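What the coordinates show
So the chains spell out like this:
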Amino acid sequence: MSAWQVLSPGVQTTVQDQGRHGWRHLGVARAGAMDPAALAMANRLVGNDEAAAGLEIALQGPRLRLPCACRIALTGATVQARWNDVPLPMGRPIDLPAGELTLGPLRDGARAWLAVAGGIATPAMLGSRSTDLRGGFGGVDGRALATGDRLPVGKVRREVAIARQPAFPAWWIDVDDPWTADHHVLRYVPSALPAALMLAAQVWRTHPNSNRQGVRLRGTGLPAGMGDGVSEPVAVGTLQLPPDGQPILLLADAQTVGGYPRLGHVIACDLGRAAQLRPGEPVHFEPVTLEQARSLAREHAYRLARLRIAIAQRVQA
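Given the structure is predicted, the values throughout are model-derived calculations rather than measurements.

Here's the deal with the nonpolar core
Soluble globular proteins tend to pack their nonpolar side chains together in the buried interior. Of all hydrophobic cores here, the largest spans 30 residues; its most connected members are Trp 4, Leu 55, Ile 72, Leu 96, Leu 101 and Leu 114. For this core, the secondary-structure elements that each account for two or more residues are β1 (3–8), β3 (54–58), β4 (63–66), β5 (70–83), β7 (94–96) and β8 (99–116). Counting residues per element, this core draws most heavily on β5, at seven residues. Judged by nonpolar contacts, the second largest core, of 28 residues, contains Tyr 188, Val 215, Ala 275 and Phe 285.

This is the structure we're talking about:
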């Protein structure tokens, strides 16, 4: 098994997969990629199962030494990627010989995902290799990458064996991808809380203290009311209303219970948009009905199905 060496870690690079499911009743967060579909498509591009672990890159990427040939793919926000000073494209499989991979600053978003054929093979914990930053486990010692870390890469399946010579195939995905959508608009199903519809009446901005646990919003405070403070289950996508009236959108590393009133839930197919919000960026919320949310979920699933077909056709060509 080969291992990549981390020469510089970037702002916050973590090992993630599709998340840790089935443990929330014990207080264990989902973790996983902030946009599971983006990582899943990157895995498809390199021939992995969608559940394979890859790297989630926030704002500024790492510099990695590749000891042997590999196949990679990048999805999400555009990242300035270079191999030995050769520019690399997004959204397609790339065969690389040994060398140095540099992932620089991200444009048009906050996060990108890197998949490698064979997957990142850190030890699985509770059925997932995902890094739980709040819990301090999974990935590489439960933390973001640091200089000097070594990332084991799993065995490559025979059908995606790496070419002997460097190749940069011009394989474009001919279907519009879900990450070109305007990530400044998030749709949500409002709760019965009086302030729930007031959320859509103004433009909010993301607070610099936002992280994988949640996006903190800043604007004209909403009336929080008294509330009973009794903790109730929350989920990825829950919109909480703290006493200061500044909402919080819970994301991948969200806790499992909370006592703040709930404004509603951002629909699942828009959570990938929330992952791309940078500090200080504006965001607007649009209320939808439960039936509209279901219809949007079907449209999103259809779009991803078309992407899977397009990728399969290209990779097999």
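Focus on the pairing of strand β17 (residues 262–266)
The pairing of strand β10 (residues 185–190) with β17 spans three bridges and is antiparallel. By the bridge assignment for β17, Val 189 is matched with His 265. Taken together, the three bridges between strand β14 (residues 238–240) and β17 define a ladder with antiparallel strand orientation. Bridging across to β17, Leu 239 finds its partner in Gly 264.

Quick word on the pattern of salt bridges
Considering all chains together, one arrives at 14 salt bridges under this definition. In this structure, Arg 308 engages Glu 50 in a salt bridge whose closest nitrogen and oxygen atoms are separated by 2.6 Å. Remark: Glu 50 occurs in the loop between α1 (36–46) and β3 and Arg 308 occurs in helix α3 (residues 290–316); sequence separation between them is 258 residues. Classification of Arg 308 by relative accessible area gives partly exposed; the value is 26%. Residue classification places Glu 50 among the buried residues on the basis of a relative accessible area of 18%. Between Arg 212 and Asp 253 there is a salt bridge, and its shortest N-O distance comes to 3.0 Å. Of this pair, Arg 212 sits in the loop between β11 (204–206) and β12 (214–218) while Asp 253 sits in the loop between β15 (248–250) and β16 (257–258), placing them 41 residues apart in sequence. Pair check on accessibility: Arg 212 and Asp 253 agree, each one buried.

A word on the sheet that holds β11
In spatial order, the strands read β10-β17-β14-β15-β12-β11-β18; together these seven strands close into a barrel with mixed pairing. Across the sheet, the mean angle from the axis of one strand to that of its neighbour is 40°, orientation sign disregarded. Of the pairings in the sheet, the one linking β11 to strand β18 (residues 282–287) comprises two bridges and is antiparallel in character. From the neighbouring strand, Trp 204 faces β18, where its bridge partner is Val 283.

About the cut-offs
Residues numbered from 1 in each chain as written. Predicted model: local features only at pLDDT ≥ 70, side-chain atom pairs only at ≥ 80, totals over all residues. Heavy atoms only, no water. Core = buried A, V, L, I, M, F, W, Y, C linked by side-chain atoms within 4.5 Å. Buried < 20%, exposed > 50% of the residue type's maximum accessible area, 1.4 Å probe, protein only. Helix = DSSP H or I, 4+ residues; strand = E, 2+ residues; numbered from the N terminus. Pairing = 2+ DSSP bridges. Salt bridge = Lys/Arg side-chain N within 4 Å of Asp/Glu carboxyl O. Axes fitted to C-alpha atoms, helices over the stretch in contact; angles between N-to-C directions.

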